[in-house]
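Chains, contacts and geometry: an overview
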Amino acid sequence: MDHIETGESTTYGRSMRVLAVGDTLDELELSALDKVRAVFGPAARLEVVRNYDVYSYTPGDFSSFSEVRESGKTLYTHITVREVIA
């Protein structure tokens, strides 16, 4: 999201995989970015790695993660976010 392809080589730093919840794909990605930014700091340039599967939560599905059940959101996934260095 914060990174634009310019044709130049890109260097990546740290990466983190987080559980994201939301009602839309945008909300899922923003949720992941917020969680990673809290760890990497506000100045970090971040990029979502878009190779994730999205799952829907159905109330009464107790096999889902407690964070998903408690959020009230309908979608969840694990998203990898990486730091863009150059």
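Check the entry above for the structure.
Residues numbered from 1 in each chain as written. Predicted model: local features only at pLDDT ≥ 70, side-chain atom pairs only at ≥ 80, totals over all residues. Heavy atoms only, no water.

1. Side note on the pairing of strand 4 (residues 75-84)
The buried fraction of strand 4 is high, at 7 of 10 residues. Across 9 bridges, the pairing between strand 1 (residues 12-22) and strand 4 is antiparallel. Paired with R17 across the strands is T80, a residue of strand 4. Sheet analysis places strand 2 (residues 46-49) next to strand 4, joined by 4 bridges and oriented antiparallel. When the bridges of strand 4 are listed, E47 appears paired with R82. Pairing of strand 3 (residues 55-56) with strand 4, which is carried by 2 bridges, proceeds in the antiparallel orientation. Bridging from a neighbouring strand, Y55 pairs with Y76 of strand 4. (Buried < 20%, exposed > 50% of the residue type's maximum accessible area, 1.4 Å probe, protein only. Helix = DSSP H or I, 4+ residues; strand = E, 2+ residues; numbered from the N terminus. Pairing = 2+ DSSP bridges.)

2. Quick notes on helix 1 (residues 25-40)
Since there are 3.6 residues in each turn of an α-helix, residues three or four apart along the chain are aligned in direction. With 16 residues, helix 1 extends 22 Å from end C-alpha to end C-alpha; this agrees with the ideal 22 Å at 1.5 Å per step. Every buried residue of helix 1 is listed here: L28, E29, S31, A32, L33, V36 and F40. At its buried positions, helix 1 is contacted by strand 1, strand 2 and strand 4. Residue G41 follows helix 1 closely and has a positive phi angle near 100°. (Expected span 1.5 Å × (residues − 1). Contact = heavy atoms within 4.5 Å.)

3. Some thoughts on the packing of aromatic side chains
A complete count under the given rule lists 2 aromatic pairs for this structure. Taken together, a centroid distance of 5.7 Å and an interplanar angle of 35° make the contact between Y55 and Y76 tilted. Here the residue Y55 occupies a position in strand 3, and Y76 occupies one in strand 4, the gap between them amounting to 21 residues. Residue classification places Y76 among the buried residues on the basis of a relative accessible area of 13%. Here the aromatic rings of F65 and Y76 are separated by 6.4 Å at their centres, their planes lie at 80°, and the arrangement is edge-to-face. With F65 in the loop between strand 3 and helix 2 (66-71) and Y76 in strand 4, this residue pair connects regions lying 11 residues apart in the sequence. Given a relative accessible area of 40%, F65 falls into the partly exposed group. One cation-aromatic arrangement involves R14 over F40; the distance from NZ or CZ to the ring centre is 4.0 Å. Above the face of the Y12 ring, R82 is positioned so that its terminal group lies 3.9 Å from the ring centre. (Phe/Tyr/Trp six-rings, centres within 6.5 Å; stacked < 30°, edge-to-face > 60°. Lys NZ or Arg CZ within 6 Å of the ring centre and 35° of its normal.)

4. Remarks on the pattern of salt bridges
Summed over all chains, the structure comprises 6 salt bridges. For the salt bridge of R14 with E83, the shortest nitrogen-to-oxygen distance reads 3.1 Å. Within this pair, whereas R14 is found in strand 1, its partner E83 is found in strand 4, the two being separated by 69 residues in sequence. Judged by its relative accessible area of 41%, R14 falls in the partly exposed class. Two residues, E29 and R50, come together in a salt bridge whose shortest N-O distance is 2.9 Å. Residue E29 is found in helix 1, and its partner R50 is found in the loop between strand 2 and strand 3; the two are separated by 21 residues along the sequence. For E29, a relative accessible area of 5% corresponds to the buried category. (Salt bridge = Lys/Arg side-chain N within 4 Å of Asp/Glu carboxyl O.)

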